[in-house]
Structure formats: structure tokens, C-alpha cells
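What the coordinates show
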Amino acid sequence: MFQAWRSSSGTARVATTTTTSPSPVTSGSEPPAPLPRSISASEPQQPQRSISYFSRPTLAPPVHSYCGYESPSELEDGYITPDPTHHRPGAASEPFWATSSPARRQQGGGNNNNNNNNNSPMKASMDDILSKGRNLSKRKVGLRDRITCYQWTWFTMTMATGGVANVLHSIPYKSQWLTGVGLFFFFLNLVLFPVNCICITLRFVWSAGSFLHSLNDQTESLFVSSIIVSAGTILITICQYGIPNTGPWLLKAMERIFWVYVGLSFTISSFLYLLLWSTTVFPIHTMTPVWVFPAYPLLLTAPYGANLIAAAVKSGHLTRMGQANTINPISIALASVAVQGTGFLISFMICAAFLYRLMTQKLPRDYQRPGVFISIGPGAFTAAGLVQLANSAPDFFPADFLGTQGTVAISILRILAYMAGIWLWGLSCWFFLVSVGSLWKYLRPEGKSKLQFQMTWFSFVFPNTALVTATEQLGQAFDSDGLKIFGCVLTGCIIVVWIVVFWRMLECIWRRELLWPKEAED
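Residues numbered from 1 in each chain as written. Predicted model: local features only at pLDDT ≥ 70, side-chain atom pairs only at ≥ 80, totals over all residues. Heavy atoms only, no water.

**Observations regarding the state of the cysteines**
- Throughout the structure, instances matching the rule amount to 0 disulfides.
- Cysteine C199 remains unbridged, with the sulfur of C197 as its closest cysteine sulfur at 9.5 Å. (Disulfide = S-S within 2.5 Å.)

See the structure below:
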């Protein structure tokens, strides 16, 4: 037990003894202070556990970040999550405290004696970690071991690549070389997306229980919808680069896929949020705009519908005033606005909680900073979709829409869409400045802080592609050369950022910082 007394200088001294009797008084020192009234000298003191948001808890270390690139856990920073059920990717869904049970300690080679240090959860978990590390160190880490580290976050790469292709197509100044660069990113995305799907499937097949774990993990579960968003970017670029150069069969196919995407995005988004609300607790101090990610499939509905209608007009399969040969543009436009509004309102409410978190908990921790850029997406995607629909409105809305005569209804709708678009564009620009400012300590020349690479670095690209697209659409709507040129400059910056992030990803794979089991590294 610990006993404390005051020396003659007034400083506190601590003496450690192995019995409950007071330590002998030596010459030149004061006798120990009496024990507190609530604890008698004859009774052994029970170790008291004091946990707060500012003290490190004595809990077992989390064992879910084992592939070298996952974000650190709350427990590593001194925070407590109610019901912390973090697991290692590929392991069975088991609470971390189960590793400290007597049966598990016997299985792991631990001795079940009365020594509290050996029977503690920390000791049991560390034994498991060291044993796994020794097992991996005895054999060579192969391709299968690396693929089992694959996570949903890798689909942010295809989201960003498809976003760059979308931005290049939206540039108002057309040229052959720009089209060629856009086609390069388009076909590259068509290659990367199947590779991601194959690798994530192999992980689920080779590592039993990893699929359910990915749906329950506090970090990875938020990125499950990234596969739907990646598919959405591919569908948008197919409308841009494919429909004008093919027959009406592709236009009709993309219309049917549009309705499938609407139903799937609604279903997946609601399912993921219900799953998260039912199985996982997210404290407000860990809040980042990544919480918006399950709603991101909804935010691509208006851009998808707008590009589908614009491609039909450009290819000549949609005549003026909505006399369509193959598709129903009014139904597509109205459904796009309805679903897009749902996604934006959900995201807006979550971003409001993020502002509350900033006011009470300051900026997110270092590994969470890239996720701040996700707050740009909701307003930017909505602005881009609404303005592009308004730009094509005279080509498909009938003159007597809503019982009006002439083009009154069309003019009113375009004015409303333009005003709402520029309002949301301003909101996205504000979030962009906040996001860049949160990285200032890493960007300044004298700064010594380094940001470790994660796949969430592609958040530097994908949400900003929506901001660039919205800028270019507003430039066409208001016939503003300034906005058009500004959009072209931002496009160049986006391509440079994508190249830097993609090269950094390849470098980390080569250096075994990505897709590498953490136990082997330790």
C-alpha cells in the first residue's frame, strides 16, 4: 500500500510497503500521517480506479488497429468509450475484456495465480499480442496476410479518382487533351474499383468474422458506404463520357440503373445508421464529419440525375420541352431533388453537431484531421446538382409545367436553384477554409508535426471535387468568366493533390506501412 507524509520542507513523500502496518520511523523524518477516517489501519485498501477524460484508464489496450494504417483508439488518448468492443480485423466479434477471463488466460499460456499483475486485462492482452507477434515473426508475411488488412477505406481512392474525371469533364473550356486526361482517370477508376472489390471480398473470405467486424467497428463501419459512392462516381462518368458516344441503349440502361441507385442509396444509408445507432456508441468528443459518410450515397443523386439528363440532351436523344425518346427527364429531376434534399438535411444536422464539438472540444486529433474535409461535400454536391439541373431545365421541362403558361415556371425554378446553389456554394467555401486551416500546423515551414498517411487522405480530393464542379456550374449559370477561370485553377490543384496522395499511398505500400500486419512490424 501507499502511505504519504510531509517532510520538514513541506514536500509530499510517498513510501511503498508490502504490509498494512505503518513503516518504521527513522531518525530525521516525521511519523507518517494517520490513515483517512473512512479506511481503518487493519483493513487492506482496495485499489481505487479513477477514470476521467483527462486520465489514462487502466484498461486493456485496444487490439483492433493491427494493419498499420488504422486510426488510433480513444483508449490510447485517455478517453473512455461506453461499451468499447474494438476487435482486431479478421478476429471473432469478442469484447476486449473477454481476453482477461481465466479460460482465455489458460489458453494463452497465462498462469492463473493470485498475482493481480499477471491476471490483469493488460497482462492478458499483452500476452496475446506478443504471442501473435512471435507467430508472425517466425514465418514470412505473404500476400494473403496483407490482403486481410484491406478495409472499406480503400474505396476512398476510387471515389477521388472518379471525382477527378468528373471535374475534368465539367470544365467549360473544352479541348481534346482535356478530354484525353479525363478519359485516363475514367478508365483508371474502372480498373481500381474491381480491384478493391476483389481484395475486400478476399479479406472477408479468408478472415472469418471480418465482415461482421467491419460493420461494428467504430472507424471502419463509417466507410462501408464508400463502395456505393464509388459506384455512383463511375455511373456519373459513364453518363459524361459514354452516352454521347454510344447509342440510346446506354441511355436507357443508365436510366434504369438510376432508379436502382436511388432505392439502394436510401436503403443502405438508413440501414447503416440504424446499425450504428444499435451497436456502437460514438461520444461527442470523437465526433468528426466522417459521421456524415453513411449519407454520402444520397448526395450523389442530383449530380447523377443532372448528368444523365444533360447527356441525353447532348446526344440528341432528348428533344426540347421534354419530348423524350427513351427516358422520363421530369421524373428523374424531381426524384433527384427529393433524395438530394434528404441527404443534405441529414448531413447538415450532423455538421451542426460537429460545430458544437469544435466549440467544446477544440479541433480533432491529428489522425482525424483529413476527415474534416468531408464537411465540404454536402453543400457542394447539392449546389452542383441543383445548378446543373437548372441549366438543363429549358430542355426538358414543358411550357405548361404546374399549370403555368409560357416559361414562367421554368424561370422561377431556375432562379430558385441558382440562389440556393450559390448559398450552398458559399457554405462549402467556408468549410473549405476551416478544413485547410486545421492542417496549418503541418503545412507551415517551421512546423515539426507530421501527419501519418492513411487512406482517409483521399478526403483531400473527393469532397473538393464537388466544390470545383459547383464552381464551374455556377460560372456557366451566371456566365461569369471569373468563376470559370477560378474553377479551372482549382481543377489543376485537385489533380496535383490526387497525384501526391496516390504516390504517397504507393510509397507506404512499398515501405510496409500499408497493408502490413501490425504484429509482424512489432
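**Side note on helix 12 (residues 377-396)**
- Counted at 1.5 Å a residue, the expected span for helix 12 with its 20 residues is 28 Å, and the 28 Å between its end C-alpha atoms agrees.
- Largest kink in helix 12: about 30°, centred on A390, with the proline P394 one to four residues after it. (Helix = DSSP H or I, 4+ residues; strand = E, 2+ residues; numbered from the N terminus. Expected span 1.5 Å × (residues − 1). Bend = angle between axes of the 7 residues up to and from the residue.)

**Section: the side chain of T233**
- Structurally, T233 can be placed in helix 7 (residues 226-241).
- Contact partners of T233, with chain neighbours within four places excluded, come to T158, M159, G162, N189, L300 and F462. (Contact = heavy atoms within 4.5 Å.)

**Brief notes about the packing of helix 7 against helix 10 (residues 301-314)**
- Here helix 7 crosses helix 10 at 15°, and the two axes come no closer than 8 Å. As the angle between them shows, helix 7 and helix 10 are arranged roughly parallel. As helix 7 runs across helix 10, the sense of the crossing is left-handed. Contact residues: L235, I236, C239 and Q240 in helix 7; P303, Y304, N307, L308 and A311 in helix 10.
- Within the contact of helix 7 with helix 10, the residues separate by chemical class into 7 nonpolar, 2 polar and no charged. (Axes fitted to C-alpha atoms, helices over the stretch in contact; angles between N-to-C directions. Parallel < 35°, antiparallel > 145°, perpendicular 65-115°, else oblique. Left-handed = near helix turned anticlockwise from the far one by under 90°. Nonpolar A, V, L, I, M, F, W, Y, C, P; charged D, E, K, R; others polar.)

**Regarding the side chain of S428**
- Checked against the element boundaries, S428 lands in helix 13 (residues 408-437).
- Polar side-chain contacts of S428 include one of 2.8 Å to the backbone nitrogen of A380.
- When sequence neighbours within four positions are dropped, the list of residues in contact with S428 reads I376, G379, A380 and L467. (Polar contact = N/O pair within 3.5 Å; in protein donor to acceptor, adjacent residues only side chain to side chain.)

**So, the nonpolar core**
- In terms of nonpolar packing, the biggest core is built from 118 residues, with F458 and M505 touching the most fellow members.
- Ranked by the residues each element gives to this core, the list is headed by helix 8 (residues 248-279), at 10 residues.
- Setting aside residues up to four positions removed in sequence, F458 forms contacts with T156, M157, A160, P463, W498, V501, F502 and M505. (Core = buried A, V, L, I, M, F, W, Y, C linked by side-chain atoms within 4.5 Å. Buried < 20%, exposed > 50% of the residue type's maximum accessible area, 1.4 Å probe, protein only.)

**Some points on a nonpolar patch on the surface**
- A cluster of nonpolar residues, I415, M419, I422, W423 and F478, forms a patch on the protein surface that exposes about 530 Å² of accessible area.
- Of note, F478 is situated in the loop between helix 15 (462-477) and helix 16 (481-510). (Patch = residues over 30% accessible without salt bridge, like charges linked within 9 Å, V, L, I, M, F, W, Y side chains within 5 Å. Areas by Shrake-Rupley, 256 points an atom, 1.4 Å probe, with all protein chains shown as cover. Salt bridge = Lys/Arg side-chain N within 4 Å of Asp/Glu carboxyl O.)

**Overview of the environment of G487**
- Secondary-structure assignment places G487 in helix 16.
- G487 gets classed as buried once you look at its relative accessible area, which sits at 0%.
- With 14 residues separating them in the primary sequence, G487 and Q473 have C-alpha atoms 9.1 Å apart.

**Re unusual backbone geometry**
- The phi dihedral of D479 falls on the positive side, at around 50°, and the residue is not glycine.
- Within the fold, D479 resides in the loop between helix 15 and helix 16.
- Of the residues examined, D479 reaches a relative accessible area of 59% and is grouped as exposed.
- For R512, which is not a glycine, the phi torsion comes out positive at approximately 65°.
- Tracing the backbone shows R512 in the loop between helix 16 and helix 17 (518-521).
- R512 gets classed as partly exposed once you look at its relative accessible area, which sits at 48%.

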